[in-house]
Amino acid sequence: NAAEGQAHPLGEPVPFRLTRELRDALGPRGASAPAFQLSAAAALAHARRSHQSVLLILATRVAEDCGLAAALAAELAAAEVEARLSRRGVEEATVAELAAEATDEERLSRMGVGW
């Protein structure tokens, strides 16, 4: 991790990890389970309402982990997060799209080990 002198990879291939093990833990319907969909939509709606706070936390964390050498990359990553949180739309549809990306086996296979 960054504390051990490694840089965080920016531009991850998935928005979050939703591996087979995590999908199994969600029950037979996995990421399409109503409880997951509703909870994720509520979390996304809250993140969108609070996006300035989310960005402040992100900027602080990136600055601590990456230092000045990665400042430009960190700004680009923060801009991407801001763009995603600023999008307007139906949270349920966005959650379905994000879950599809997060469960894509090919994308998951490109994730760094340990991240």
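(A) Main features of helix α5 (residues 91-102). Taking 1.5 Å per residue, 12 residues should reach 16 Å; α5 reaches 16 Å between its end C-alpha atoms and fits that length. Considered for burial, the residues of α5 that qualify are Glu91, Thr94, Val95, Leu98, Ala99, Glu101 and Ala102. Projected down its long axis, α5 shows its buried positions confined to an angular sector of 155°, all on one face.

(B) Expanded view of the side chain of arginine 23. Mapped onto the fold, arginine 23 is located in helix α1 (residues 20-25). Residue arginine 23 is classed as buried on the basis of its relative accessible area of 19%. Within the structure, the side chain of arginine 23 is placed 3.2 Å from the side chain of glutamate 105, a separation counted as a polar contact. When sequence neighbours within four positions are dropped, the list of residues in contact with arginine 23 reads Leu18, Gly30, Thr103, Glu105 and Leu108.

The rules behind these values
Residues numbered from 1 in each chain as written. Predicted model: local features only at pLDDT ≥ 70, side-chain atom pairs only at ≥ 80, totals over all residues. Heavy atoms only, no water. Helix = DSSP H or I, 4+ residues; strand = E, 2+ residues; numbered from the N terminus. Expected span 1.5 Å × (residues − 1). Buried < 20%, exposed > 50% of the residue type's maximum accessible area, 1.4 Å probe, protein only. Arc of directions from axis to C-beta. Polar contact = N/O pair within 3.5 Å; in protein donor to acceptor, adjacent residues only side chain to side chain. Contact = heavy atoms within 4.5 Å.

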